[in-house]
Amino acid sequence: PDQDLIEIAVAVASQIGQFVERKRSERALGIFEERYRSLFENAVFGIVRSTASGEILDANPALVAMLGYDSIEDVLRLNLNKDLYKDPQDRQRLIQDFSTADRINGFETEWKTKSGGTIQVRISGRPVHASDGSLAGFEAMIEDITERKLLGQQIRQAQKMEAIGR
């Protein structure tokens, strides 16, 4: 056999192997991306990614609906610090909590909606750090607990009335 022909065949076989492996990886990545996107888009809780300064980088449809906006683009124009927190000090307390913990579960606060009303939300998430270790932003899940809080108040009121009646 010709040595040059063997080397060419080995090189071609190597290229074909790399091509097949790359296609397999791309397919696996596509499946992963599709699953992630489906989970993100169809989640029942709001999901938000933001910078440390409050710029919203990504939001899901549940968050858009929760806030009463028409599109994700509308929400991406908002700033957490200026536009969402009823009390801006709550955002500062949340950032302070994130600086001392790897994860926050159940931080409750009030957010402003597009219509000018407010909703009670429970925030759970984690800080995102840059490669140099500095705080880059946050990833969080947002649960609207307005109705739950209202029902809790109504139950307490009914219990008070029952106690008075006894």
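Anyway, here's the lowdown on the structure attached to this text. (Residues numbered from 1 in each chain as written. Predicted model: local features only at pLDDT ≥ 70, side-chain atom pairs only at ≥ 80, totals over all residues. Heavy atoms only, no water.)

Things to note about the overall build of the chain
Let me state the cut-off plainly: A run of H or I in DSSP counts as a helix once it spans at least four residues, and a run of E counts as a strand once it spans at least two, with each numbered from the N terminus. Using C-alpha atoms as the atom set, the radius of gyration is obtained and then compared with a globule rule of 2.2 Å times the number of residues to the power 0.38.
Scanning the chain from N- to C-terminus turns up six helices and five strands. Its helices and strands taken in sequence order, the chain reads α-β-β-α-α-α-α-β-β-β-α from the N to the C terminus. For the chain, whose C-alpha radius of gyration is 25 Å, the value lies well above the compact-globule estimate of 15 Å for 166 residues. Projecting the C-alpha coordinates of the chain onto the three principal axes gives extents of approximately 105 × 35 × 30 Å.

Overview of helix α5 (residues 88–100)
This is how it is decided: Multiplying one less than the number of residues by 1.5 Å gives the expected span of a helix. For the exposure calls, accessible area comes from a 1.4 Å probe over protein chains only, and a residue counts as buried if that area is under 20% of its type's maximum, exposed if over 50%, partly exposed in between. Of all possible arcs, the one meant is that of the directions from the helix axis to the C-beta atoms. The contact criterion used throughout is that any non-hydrogen atoms of two residues lie within 4.5 Å.
The end-to-end C-alpha separation of α5 is 19 Å, in line with the 18 Å expected for 13 residues at 1.5 Å each. Turning to α5, its buried residues are Asp-90, Arg-91, Leu-94, Ile-95 and Phe-98. One side of α5 carries all its buried residues, which in axial view fall inside an arc of 140 degrees. In α5, the exposed positions that point more than 90 degrees away from the buried face belong to Gln-96, Ser-99 and Thr-100. Considering only its buried residues, α5 is in contact with β1 (46–51), α4 (80–84), β3 (104–112), β4 (118–129) and β5 (135–144).

Distances and angles like these do not, on their own, reveal function.
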